[in-house]
Amino acid sequence: MGDVEETRSRYLYALNHMEELKKLFLQLGYALAFHPAPLKVIMLVNEYEGTQAQLSKYESIILLICRLLYLQKREKLSTDGSRVIVTVEDIQTEFQKMNLPRKLVQGDLEKVMRTLKKYNLARQLDRLNDASARIEIYPSVILALPDNVLRASQEETEKELAKYKANEVDDE
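Since this is a predicted model, take the numbers as computed values, not measurements.

### A short note on the nonpolar core
One recurring pattern in soluble globular proteins: nonpolar side chains tend to sit buried together. Counting residues in hydrophobic clusters, the biggest one holds 27 residues, and the most contacted among them are I62, I91, L109, L116, I135 and I137. Contributions of two or more residues to this core are made by α3 (57-76), β3 (84-87), α4 (88-97), α5 (106-118), β5 (134-137) and α6 (140-144). For I91, the residues in contact, after removing those within four places along its chain, are I62, I65, C66, L69, V86, L104, L109 and I135.

### As for the packing of α3 against α5
The N-to-C vectors of α3 and α5 enclose an angle of 70°; their axes lie 10 Å apart at closest approach. Between α3 and α5, the angle is such that the two are roughly perpendicular. The segment α3 lies against α5, with Y58, E59, I62, L63 and C66 engaging L109, K111, V112, T115 and L116. Looking at side-chain class alone, the contact of α3 with α5 contains 7 nonpolar, 1 polar and 2 charged residues.

### A closer look at the side chain of T115
Considering the arrangement of structural elements, one finds T115 in helix α5. Excluding its chain neighbours within four sequence positions, the residues that come into contact with T115 are L55 and E59.

### Quick word on the pairing of β5
In this sheet, β5 lies alongside β3 in antiparallel orientation, the contact comprising 4 bridges. Paired with T87 across the strands is R134, a residue of β5. Bridging between strand β4 (residues 122-124) and β5 involves 3 bridges; their strand directions are antiparallel. Paired with A122 across the two strands is I137, which belongs to β5.

### Section: α3
In this model α3 runs 29 Å from its N-terminal to its C-terminal C-alpha over 20 residues, within 8% of the 28 Å that 1.5 Å per residue would give. Of the positions making up α3, those classed as buried are Y58, E59, I61, I62, L63, I65, C66, R67, L69, Y70 and R74.

### A closer look at the confidence of the model for the protein chain
Confidence along the protein chain averages 79 in pLDDT terms, with 85% of residues attaining 70 or more. Element-level pLDDT for the protein chain is lowest in strand β2 (residues 41-45), with a mean of 72, against a maximum mean of 90 in β5.

### Notes on the pattern of salt bridges
Per the stated rule, a full pass over the model turns up 7 salt bridges. K111 is the salt-bridge partner of E59, the closest N and O atoms lying 4.0 Å from each other. Of this pair, E59 sits in helix α3 while K111 is found in helix α5, placing the two residues 52 residues apart along the sequence. According to the relative accessible area criterion, E59 is buried, its value standing at 9%. Among the ionic pairs, R123 bridges to E136, the shortest N-O distance being 3.0 Å. Of the two residues, R123 is situated in strand β4 and E136 in strand β5; the sequence distance between them amounts to 13 residues.

About the cut-offs
Residues numbered from 1 in each chain as written. Predicted model: local features only at pLDDT ≥ 70, side-chain atom pairs only at ≥ 80, totals over all residues. Heavy atoms only, no water. Core = buried A, V, L, I, M, F, W, Y, C linked by side-chain atoms within 4.5 Å. Buried < 20%, exposed > 50% of the residue type's maximum accessible area, 1.4 Å probe, protein only. Helix = DSSP H or I, 4+ residues; strand = E, 2+ residues; numbered from the N terminus. Contact = heavy atoms within 4.5 Å. Axes fitted to C-alpha atoms, helices over the stretch in contact; angles between N-to-C directions. Parallel < 35°, antiparallel > 145°, perpendicular 65-115°, else oblique. Nonpolar A, V, L, I, M, F, W, Y, C, P; charged D, E, K, R; others polar. Pairing = 2+ DSSP bridges. Expected span 1.5 Å × (residues − 1). pLDDT = per-residue confidence, 0-100. Salt bridge = Lys/Arg side-chain N within 4 Å of Asp/Glu carboxyl O.

This is the structure:
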């Protein structure tokens with residue numbers, strides 16, 4: 001995607017030519033969505049089946065953790081121009097809270113970070129071989145998992161848990 005200045009330059013170009021870009025991408029089957037401050041994100045949206053990224057279970061978990069950490073850190077920052085920086089330790093701490101059977105090892109985290117960078121959601125600032133290694137999380141992480149999608153997933157999970165609990169009671 002380029003460095004920060006290059007990305008900023010592209011953002012400003014897109015902002016200044018929004019109507020022309022909307023028309024262009026509409027012909028290709030995409031909608032251009034603009035999210036002003038505090039996110040300051042312009043994104044292409046394609047709702048057609050099969051166009052969304054397919055993430056592994058652990059990539060999805062780390063994405064959720066990054067979203068959570070972004071929201072937590074963002075709340076603490078006073079200006080919307082500040083970058084959100086987390087550490088490997090922050091991610092490890094949240095990951096361990098889930099009591100998953102598998103530990104998050106450096107190689108897995110590096111693979112996930114490559115995926116997040118590919119989709120312009122986060123980037124590593126340091127080598128990930130140390131707990132204090134820094135990772136910048138971009139505002140676009142919020143849009144990768146919108147609130148309505150998370151809410152729907154939560155409701156579906158709660159329904160399935162209720163069925164499971166009902167079956168346990170019936171079995172007794």
